[in-house]
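Here is how the chains run, residue by residue.
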Amino acid sequence: MASGLIFNPQTLLQTIPLATSTATLAHALLELITNNAFLTPSIRQTSDKVLPTWYNQVFKRAIWTVVALNMSTISSATATLFFNKYHPSQSRPLQTTIFYWVGLVGAIGHLAFVPFVAGPARRIFEDSRLQEDQGESGVGATADMEMWLSVHRVRMVVADLPAWIAFVGAILTL
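Parameters and conventions
- Residues numbered from 1 in each chain as written.
- Predicted model: local features only at pLDDT ≥ 70, side-chain atom pairs only at ≥ 80, totals over all residues.
- Heavy atoms only, no water.
- Helix = DSSP H or I, 4+ residues; strand = E, 2+ residues; numbered from the N terminus.
- Rg over C-alpha atoms; globule rule 2.2 N^0.38 Å.
- Buried < 20%, exposed > 50% of the residue type's maximum accessible area, 1.4 Å probe, protein only.
- Core = buried A, V, L, I, M, F, W, Y, C linked by side-chain atoms within 4.5 Å.
- Contact = heavy atoms within 4.5 Å.
- Polar contact = N/O pair within 3.5 Å; in protein donor to acceptor, adjacent residues only side chain to side chain.
- Phe/Tyr/Trp six-rings, centres within 6.5 Å; stacked < 30°, edge-to-face > 60°.
- Patch = residues over 30% accessible without salt bridge, like charges linked within 9 Å, V, L, I, M, F, W, Y side chains within 5 Å.
- Areas by Shrake-Rupley, 256 points an atom, 1.4 Å probe, with all protein chains shown as cover.
- Salt bridge = Lys/Arg side-chain N within 4 Å of Asp/Glu carboxyl O.

## Re the overall build of the protein
For the protein, the count of helices and strands is six helices and zero strands. The secondary structure elements of the protein, listed N-terminal to C-terminal, are α-α-α-α-α-α. The globule rule puts the C-alpha radius of gyration for 174 residues at 16 Å, and the 20 Å found for the protein is more than 25% above it. The C-alpha extent of the protein, read off along each of the three principal axes, is 70 × 30 × 25 Å. The buried share among the 174 residues of the protein stands at 41%.

## Examining the nonpolar core
Residues L51, Y55, I124, M145, W148 and L149 are the most contacted members of the largest nonpolar core, which totals 17 residues. Counting only elements with at least two residues in this core, the list comes to α1 (9-37), α2 (44-86), α4 (114-126) and α6 (141-172). Top contributing element to this core by residue count: α6, with seven residues. When neighbours within four sequence positions are excluded, M145 is seen to be in contact with N35, L39, L51, Y55 and I124. In terms of nonpolar packing, the next biggest core, distinct from the first, is built from ten residues, L18, A77, Y100 and A170 among them.

## Overview of the side chain of D144
Within the secondary structure, D144 is located in helix α6. Since its relative accessible area comes to 1%, D144 is described here as buried. Side chain to side chain, D144 and R123 meet in a polar contact 2.8 Å long.

## Describing the packing of aromatic side chains
Counting across every chain of the model gives nine aromatic pairs. When the ring of Y100 is compared with that of F167, the centres are 6.0 Å apart and the planes differ by 55°; the resulting orientation is tilted. On the criterion of sequence distance, the pair formed by Y100 in helix α3 (residues 94-112) and F167 in helix α6 is long-range, its members being 67 residues apart. Of the two residues examined, Y100 and F167, each falls in the buried class.

## Some remarks on a nonpolar patch on the surface
On the surface, W64, V67, M71, L111 and V114 cluster together into a nonpolar patch covering about 470 Å² of accessible area. Ranked by the residues each element gives to the nonpolar patch, the list is headed by α2, at three residues. Looking at the element boundaries, V114 is found in helix α4.

Here it is in structure tokens:
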């Protein structure tokens, strides 16, 4: 067992970024589907009233999943790069290292979008747009959800998806 024939810890470490980036991408897709439902024109007025309470409850739970997945991806990719450089059990092709770096940048890139989603998320929690005009303008939490989703889509395309593709490439080149 110590020889790595049955269980190889380095192989496990190298696969963690793919597993966690897969979960991050799946979570992001589920958020996209679920949160888009609130923007359906026929229920939008009701969504303005329900969304702040619902989102406040869901977001407080889901944020820990997102943070845990991204930190796991970042730490395991960093550890893999470190061990592949300083403790190589066998020679790795250059593209494997490049794939891990691209995936790591993508995972960090996910966190770089926090300032862009923080404002809309805060306004949804506080339901501030609806409170400012007592609902007269028809602009409420759903407008902020639209903004949040637009940033979320960009984040998925420029950070989450490239990270996942890179980690698939890294595993395929091991």
